[in-house]
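Here's the letter readout for the chains.
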Amino acid sequence: MKSIGVIFSNIHDKEITELTGKRTLASIPFGGRYRLIDFPLSNMVNSGITKVGVITKVNYQSLMDHVGNGKHWDLSRKTGGLMILPPYGVDDRSLYKSRFDAICGIENFLKHSNADYVVMSDCDTVCNFNFADAVKAHEHNHADITVIVYKTQIGKEKRMHTAVEYGADKRVVKVTTSDKLSGEKMLFTNMMVISRTFLLQLIENATEWGYASFSRDVLVRGCREHRIFAYEYEGYFAAIDSLPNYYARSLELLDKQKRDELFYKDGANIYTKVRDSAPARLIGNAVVNNSLVADGCVIEGTVRNSILFRGVKVARGAVITDSIVFQDSEIGEDSHLHCVIADKTVRILGGRTLSGHQTHPYFIAKGTVI
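Residues numbered from 1 in each chain as written. Predicted model: local features only at pLDDT ≥ 70, side-chain atom pairs only at ≥ 80, totals over all residues. Heavy atoms only, no water.

1. Description of the pattern of salt bridges
Stated precisely, the cut-off is as follows: Whenever Lys or Arg places a side-chain nitrogen within 4 Å of a carboxyl oxygen from Asp or Glu, that contact is recorded as a salt bridge.
Following the criterion strictly, the structure yields 13 salt bridges and no others. Measuring nitrogen to oxygen at the nearest pair gives 2.6 Å for the salt bridge that ties D217 to R221. Ionic contacts of the salt-bridge type, sharing partners, join the residues R216, D217 and R221 into one network.

If you want it as structure tokens, here you go:
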């Protein structure tokens, strides 16, 4: 059965404002050379989906620059391919205010497709997932909606989670959205499969049924009315929902086992925009231990347990530990960075010492000079 993809690029911008002040969530750099949108986009392409719409809202110039015409994901096509969808609501053509409003705004995109199913994903989902398996389960269950869930232990932090409860047949019986959840739960990944005709029916009858929120009205209240099923995902999964979480999940990639599970699971690769940069160079007495270093970096100092994006320069005597340094940043001589996230084109002059903590990394905004 044929499927089309829909990716929400801005839904969770407010969760990580430090990195989304001048870019969308989808454009946040991750893992040394990737952007967050690379993961849902690659998952859809690896699942055989050849038509993908990306719903934008604000600050999406860097997103458009990154995805271009979709060539790097084999989505530069005469039919189907990659489409940037407008960020307008359905009523007064203002910017959408909710997920459901955004879905209503792409009604024509959905109507002009002959696909049977719509695969939806947010950009806060870092995983390597084959949607084709979920689509098969969706078809087998004659489901209206199939939500992708994963098992995790929720800590004491107060964050909004959506927990899903279901029976032995995977039929969902209860959906709870709350910031007071704790213990082991099956959480919604913000990925789902939904029948296209059913989705269009929701849009057309939204006013009559009083639907305004997809989570509250469709998932939470709709368990009895609609055929909603769960599909369990058991691989590596990271939800990027705060700056400390982004920091922790990024440094997890220094673990080769987790890195391989994310980027090379079952031969399915994660694709990104290719740049023609020179290989990284280590000069003189440079030391690099347990780090991810992208192409174009020039290192004369010491880098330990850190991630350097493309074109980063580390001067002689500089020491970087447990930190993340974005593209084209420069670290001056004899400077020390510990538990730091430095955005793009940051310049740290010589002799500076900057330190955060693993639970509260020190963030340096894009283009800052210290």
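2. Some remarks on the layout of surface pockets
To locate leftover empty space, one rolls a probe as large as a water molecule over the atoms. This is how the line gets drawn: Put plainly, a pocket is an open set of points on a 1 Å grid over the protein atoms alone with protein on both sides within 12 Å along at least five of seven lines, a cavity is a set where a 1.4 Å probe fits but cannot get out, and a lining residue has an atom within 4 Å of a point. Grid points are joined across faces, edges and corners, and a volume is the space filled by probe spheres set on the points. Only DSSP runs of H or I covering at least 4 residues are called helices, and only runs of E covering at least 2 are called strands; the numbering of each starts at the N terminus. Any residue outside Ala, Val, Leu, Ile, Met, Phe, Trp, Tyr, Cys, Pro, Asp, Glu, Lys and Arg is labelled polar, Gly included; the first ten of those are nonpolar and the last four are charged.
Roughly 1,200 Å³ of volume is contained in the largest pocket. Lining the largest pocket are 40 residues, with H12, E15, D124, M160 and N190 sitting closest to its centre. Listed by contribution, the elements that provide at least two residues to the lining of the largest pocket are α4 (99-105), β8 (145-154), β9 (161-166), β11 (183-195), α9 (214-220), β13 (237-239) and α10 (243-251). For the lining of the largest pocket, the element with the highest residue contribution is β11, accounting for five residues. Taken together, the residues of the lining of the largest pocket sort by class into 13 nonpolar, 16 polar and eleven charged.

3. Some details on the packing of aromatic side chains
The cut-off we apply is this: Only Phe, Tyr and Trp rings are paired, with Trp represented by its six-membered ring, and only when their centres lie within 6.5 Å; those with planes under 30 degrees apart are stacked, over 60 edge-to-face, the remainder tilted. When accessible area is computed with a 1.4 Å probe and restricted to protein chains, residues below 20% of their type maximum are described as buried, those above 50% as exposed, and intermediate ones as partly exposed. Charge over a ring is defined by NZ of Lys or CZ of Arg lying within 6 Å of the ring centre and within 35 degrees of the ring normal.
In this structure the tally under the stated criterion is 13 aromatic pairs. With centroids separated by 5.9 Å and ring planes inclined at 65°, the aromatic side chains of F30 and Y246 adopt a geometry described as edge-to-face. With F30 in strand β2 (residues 29-30) and Y246 in helix α10, the pair connects residues that are 216 residues apart, well separated along the chain. The residues F30 and Y246 share a single accessibility class, namely buried. Plain terms: the ring middles of Y34 and F39 are 6.1 Å apart, the flat faces sit at 40° to each other, and that makes the pair tilted. F39 sits in the buried class, given a relative accessible area of 0%. Grouped by ring-pair contacts, the aromatic residues F30, Y34, F39, Y246, F263, Y264, F309 and F326 constitute a single cluster. If you follow R33 out to its NZ or CZ, it ends over the ring of Y34, 5.5 Å from the centre.

4. Quick look at empty space enclosed by the protein
Going through the model one piece at a time under the given rule, you end up with one cavity of 30 Å³ or more. The computed volume of the largest cavity comes to approximately 100 Å³. Surrounding the largest cavity, P29, G32, R33, Y34, R35, H66, K273, R275, F309, R310, Q327 and K344 form its lining. Across the lining of the largest cavity, the residue classes break down as three nonpolar, three polar and six charged.

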